[in-house]
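Results of the structural survey
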Amino acid sequence: MRHAKRYKSFMLSAALLATGMPAWAVVDSQGGPAVRQLNLQTPATQIAEQIYSLHNLMLVICLAIFVAVFGVMFYSILKHRKSLGHKAATFHESTSVEIAWTVVPFIIVILMALPATKTVVAMKDTSNADITIKVTGMQWKWGYDYLKGEGEGISFLSTLATPRTQIGAPGVEPTEARGDNYLLEVDNQVVVPVNKKVRMITTANDVIHSWTIPAFGVKQDAIPGFVRDTWFKADKIGVYRGQCVELCGKEHAFMPIVVNVVSEDDYKKWVDVKKKEMAAKADDPAKVWTVDELKQRGEKVYAANCVACHQATGKGVPGAFAALDGSAVVNGEKGAQIGILLNGKNAMPAWKSTLSDTEIAAVITYTRNSWSNKAAENIVQPAEVLAARK
Amino acid sequence: MSTTTVDHAHDHSHDHAHDHPHGFRRWLFATNHKDIGSLYLWFAFTMLLTGGVLALGIRSELFQPGLQLMQPEFFNQLTTMHGLIMVFGAIMPAFVGFANWMIPLQIGASDMAFARMNNFSFWLMPPAALLLAGSFWVPGGATAAGWTLYAPLSTQMGPGMDMAIFAVHIMGASSIMGSINIITTILNMRAPGMTLMKMPMFCWTWLITAYLLIAVMPVLAGAITMTLTDRHFGTSFFNAAGGGDPVMYQHIFWFFGHPEVYIMILPAFGIVSQIVPAFARKPLFGYASMVYATASIAILSFIVWAHHMFTTGMPVTAQLFFMYATMLISVPTGVKVFNWVATMWKGSMTFETPMLFAVGFIFVFTMGGFTGLILAVTPIDIQLQDTYYVVAHFHYVLVAGSLFSLFAGYYYWGPKWTGFMYNETRGKIHFWGSLITFNITFFPMHFLGLAGMPRRYADYPAQFTDWNVVATVGAFGFGLMQVYFILAVVIPSIRGGQPAAAKPWEGAEGLEWTVPSPAPFHTFEEPPVFK
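Calculation criteria
- Residues numbered from 1 in each chain as written.
- Chains lettered and ligands numbered in written order.
- Predicted model: local features only at pLDDT ≥ 70, side-chain atom pairs only at ≥ 80, totals over all residues.
- Heavy atoms only, no water.
- Salt bridge = Lys/Arg side-chain N within 4 Å of Asp/Glu carboxyl O.
- Helix = DSSP H or I, 4+ residues; strand = E, 2+ residues; numbered from the N terminus.
- Buried < 20%, exposed > 50% of the residue type's maximum accessible area, 1.4 Å probe, protein only.
- pLDDT = per-residue confidence, 0-100.
- Contact = heavy atoms within 4.5 Å.
- Expected span 1.5 Å × (residues − 1).
- Polar contact = N/O pair within 3.5 Å; in protein donor to acceptor, adjacent residues only side chain to side chain.
- Nonpolar A, V, L, I, M, F, W, Y, C, P; charged D, E, K, R; others polar.
- Pairing = 2+ DSSP bridges.
- Phe/Tyr/Trp six-rings, centres within 6.5 Å; stacked < 30°, edge-to-face > 60°.
- Lys NZ or Arg CZ within 6 Å of the ring centre and 35° of its normal.

Evaluated as defined, the whole model comprises 16 salt bridges over all chains. Between Glu277 of chain A and Lys274 of chain A there is a salt bridge, with the nearest N and O atoms lying 3.7 Å from each other. Of this pair, Glu277 of chain A and Lys274 of chain A are both found in helix H5 (residues 264-282), 3 residues apart, which corresponds to roughly one turn of the helix. For Lys428 of chain B, the salt bridge goes to Glu424 of chain B, with nearest N and O atoms at 4.0 Å. Pair noted here: Lys428 of chain B and Glu424 of chain B are both in helix H17 (residues 424-451), with a separation of 4 residues, about one helical turn. You can call Lys428 of chain B partly exposed: its relative accessible area is 31%. According to the relative accessible area criterion, Glu424 of chain B is partly exposed, its value standing at 24%. Salt bridges here are not isolated pairs; linked through shared partners, they connect Lys82 of chain A together with Arg281 and Glu506 of chain B.

Before going further, it helps to spend a moment on the confidence of the model for chain B. Residue and element names in this part refer to chain B. When pLDDT is averaged across chain B, the result is 93; 96% of the residues are at 70 or more. Low confidence marks residues 1-17, where pLDDT is under 50. Its contacts with residues over four positions away, or in another chain, come to 4 contacts. Scoring the predicted complex yields pTM 0.85 and, for the interface, ipTM 0.90.

Residues and elements named next belong to chain B. With 15 residues, helix H11 (residues 266-280) should cover 21 Å at 1.5 Å per step; its first-to-last C-alpha distance of 21 Å lies within 8% of that length. Taken across its 15 residues, H11 has 15 buried, putting it largely inside the fold. In the stretch just after H11, Arg281 is the one whose phi turns positive, near 55°.

So, on to the interface of chain B and chain A. Every contact between the two is made by 96 residues of chain B and, on the other side, 95 residues of chain A. Applying the counting criterion to the chain B and chain A interface returns 2 salt bridges. Arg36 of chain A is paired through a salt bridge with Asp466 of chain B; the nearest N and O atoms lie 2.3 Å apart. If you look at where chain B meets chain A, you find 35 residue pairs in polar contact (both at pLDDT 80 or more). Where the side of chain B that touches chain A is concerned, the elements lending two or more residues are helix H4 (72-107), helix H7 (153-156), helix H10 (246-263), helix H13 (316-344), helix H14 (353-376), helix H15 (378-384), H17 and helix H18 (465-495) of chain B. Taken together, the residues of the side of chain B that touches chain A break down into 60 nonpolar, 25 polar and 11 charged.

Attention shifts here to the pairing of strand E3 (residues 155-158) of chain A. All names here are of chain A. Of the two faces of E3, the one lined by Phe156 and Ser158 is fully buried and the one lined by Ser155 and Leu157 carries no buried residue. As judged from the 4 bridges shared by strand E2 (residues 141-148) and E3, these two strands associate in the antiparallel manner. Paired with Tyr144 across the strands is Phe156, a residue of E3. Adjacent in sequence and paired antiparallel, E2 and E3 are bridged by 6 residues, among which Gly149 carries a positive phi angle near 85°.

Tallying each qualifying case throughout the model produces 72 aromatic pairs over all chains. For the ring pair Tyr412 of chain B and Trp413 of chain B, a centre distance of 5.2 Å and an interplane angle of 55° mean the geometry is tilted. Taken as a pair, Tyr412 of chain B and Trp413 of chain B share a single burial class, namely buried. Sitting over the face of the ring of Trp289 of chain A, Lys287 of chain A holds its NZ or CZ atom 4.1 Å from the ring centroid. The lysine or arginine in question, Lys282 of chain B, covers the ring of Phe91 of chain A, its NZ or CZ lying 3.9 Å from the ring centre.

Spelled out as structure tokens, the structure:
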């Protein structure tokens with residue numbers, strides 16, 4: 001049925017193309033709605049599948065009752081007319097009938113609710129997730145942070161990719177033909193592996209937003225100051241699209257959601273690429289800095305990581321933590337200091353996995369030019385730290 | 001005792017000396033329930049057209065994907081004000097207008113219990129309407145937070161939001177006064193012999209509605225007052241950063257909002273329950289069960305509010321409770337539909353315009369009822385929350401429900417008000433035109449919602465275009481039918497036409513048909529004896 005419809009609309013657009021119609025003839029969105037779609041989107045998770053059949057069930061029961069009740073009503077309307085000479089009966093109550101049509105609908109609605117109960121319970125079970133992603137609604141974009149599981153640490157913003165030249169504005173015609181995924185495309189897609197349980201934690205920065213992917217049967221409000229969660233386990237590889245569904249201000253219609261479900265291997269590759277990308281974006285270790293730039297940056301690193309032990313004065317705590325002010329290591333040959341920072345020594349932890357090359361270079365340069373320190377080798381470049389890591 | 005009689009006589013001469021005040025005084029100082037009823041109805045119709053124009057603005061922008069006519073922020077103002085104006089300005093006052101006109105006539109009372117308060121409750125409405133309409137012209141425009149005014153989006157709005165808050169406060173005060181008046185009138189001023197269980201259904205439904213109003217309007221006032229102090233006085237009721245909770249707003253709002261839905265539909269049930277027996281020439285089937293069903297709906301309406309909030313993420317037990325409670329409401333509602341059908345069964349039916357609108361109401365309202373039942377199922381609701389499916393659902397119950405019953409009531413009682421029969425052919429054109437264009441407008445929205453189109457969107461993916469085109473065309477048709485109604489039906493039947501008999505409908509029953517048409521300025525100065 002579905003395929004037939006797809007096929008029909010495909011043929012239609014093909015025919016339009018063949019007759020030389022412009023290329024903006026609308027086609028189905030991949031993972032989004034189809035043209036003139038009449039029913040729910042094709043389910044891509046077990047939950048969405050259940051919702052789909054629940055809806056079919058409800059629709060059939062409601063239609064049956066509808067036909068029965070209005071069959072009676074229209075029969076009466078056709079037959080019990082004054083113009084046909086029908087004389088009015090006088091009955092106006094019947095306790096047994098009243099009881100029957102109270103009890104029977106009662107039983108019907110309970111029977112309708114029972115299968116739904118199972119789905120409700122399943123939808124709320126967010127335990128044992130393979131991957132946990134925090135999604136933050138903002139006016140008017142989404143932020144994603146991979147909190148747990150493979151890909152932990154990845155974080156990015158996701159904004160509408162459809163250019164304004166396709167949307168237009170009052171009095172300004174769009175200058176570009178609309179794409180197939182008009183308003184359903186973003187710059188950074190959420191990537192998740194297929195057949196893995198993904199828990200989405202939602203929150204928001206400003207007002208309430210709502211995160212949804214119709215094909216997953218998932219919709220969860222993102223509430224500022226609070227966290228809520230939901231989950232999905234996509235069983236088909238592909239791109240799936242949704243849109244913000246809680247009124248959040250003027251650009252409400254322009255903050256879509258795109259989830260790319262990939263194979264486990266592709267997911268691993270994506271995580272690698274994404275992590276490298278993030279690291280690269282963070283700081284380029286090949287960059288050559290001036291002393292002042294590094295000092296400035298180093299002061300922040302020092303304040304965030306070192307000050308608790310070595311103190312703001314650089315004098316440390318006698319007997320517990322070494323003084324940096326006037327220290328032989330700090331004022332001496334820089335290679336030794338780089339080594340201690342990377343690998344640690346006694347109470348000093350190793351920083352190689354927490355601080356980047358640039359941060360280590362910056363904080364060393366800072367200590368070599370602060371307090372009474374006037375080291376001969378007064379600057380360390382990130383590249384030297386990188387070299388020392390090997 | 002004797003002094004009372006003297007006073008009474010004195011009152012009479014006084015009344016007759018000043019019978020029918022003329023000019024603006026008649027309306028500004030109106031204390032007559034019929035005049036106040038007319039004021040309410042004119043006010044409501046004006047607001048209906050205003051809200052309708054806003055709706056056509058929305059539909060025009062949605063005719064095609066892309067932004068053609070307005071910026072999204074203005075679009076959001078239109079959706080918000082369309083909702084506020086239709087709910088608080090059109091539907092609710094229209095039912096109060098019917099209550100003012102018909103309750104005293106139906107129970108054989110000379111007027112409403114508190115005539116001057118009645119005047120005040122009406123004259124609070126125009127300033128509220130001016131505040132709402134005027135807010136379009138203040139910096140930042142009207143509020144664009146949706147008619148539900150969810151925090152914290154409502155905290156971000158400009159002064160238009162404050163104007164909306166004050167407007168809703170004023171209309172709430174007006175509703176509460178109106179309700180006190182209605183309850184007092186019904187409970188104390190019924191004609192001798194009219195026990196509660198002999199009262200016309202319209203009075204019953206309004207009695208229950210009035211209690212609902214008194215129970216929930218203060219809750220709404222509380223919610224928007226908290227919004228107001230959050231906005232201006234540094235409180236943090238709905239601000240998480242200050243220890244508040246945005247979801248609490250939704251709980252409070254919907255504790256008002258769900259009974260509000262029944263406030264807008266119970267009097268409609270009442271009107272239909274008057275009209276169906278009249279044109280089936282057969283008494284209402286199951287009068288007592290109709291009363292109990294109305295009361296059950298009203299009581300249940302207080303324990304289902306969170307079905308508007310399934311996607312906020314509540315515990316599984318809460319989701320299940322609200323799902324089951326909501327589904328239960330369909331039982332008494334179903335009973336009502338069955339009773340109407342049973343009333344028609346083996347009747348001797350004719351189909352003048354009031355009956356057409358009443359049958360149309362039953363047919364189309366039931367479709368809205370079924371989509372409501374489907375939406376009550378939590379997993380389906382989560383899928384469809386905030387999509388056009390919901391928009392379709394509540395327009396089926398509010399337009400095809402409340403509005404159609406108001407039209408039915410107008411055609412049924414209008415001859416009593418104006419003294420002239422409306423033009424039957426034009427009435428039928430209005431009915432069929434409205435029914436068809438209504439369905440063209442709103443039926444495709446079910447498809448849009450199922451396919452996932454979110455509501456309150458100024459622009460949409462191009463796959464949704466065709467159904468939006470259909471809806472827009474239908475909406476303009478529906479709007480034109482209402483212009484036709486006022487110009488071709490209402491105004492001509494006020495100016496003249498075939499004079500209406502005291503009881504223009506063969507099968508109609510009730511005290512309102514014992515007074516001449518048009519109903520004289522003062523009726524039932526001596527209480528009639530009922531049965």
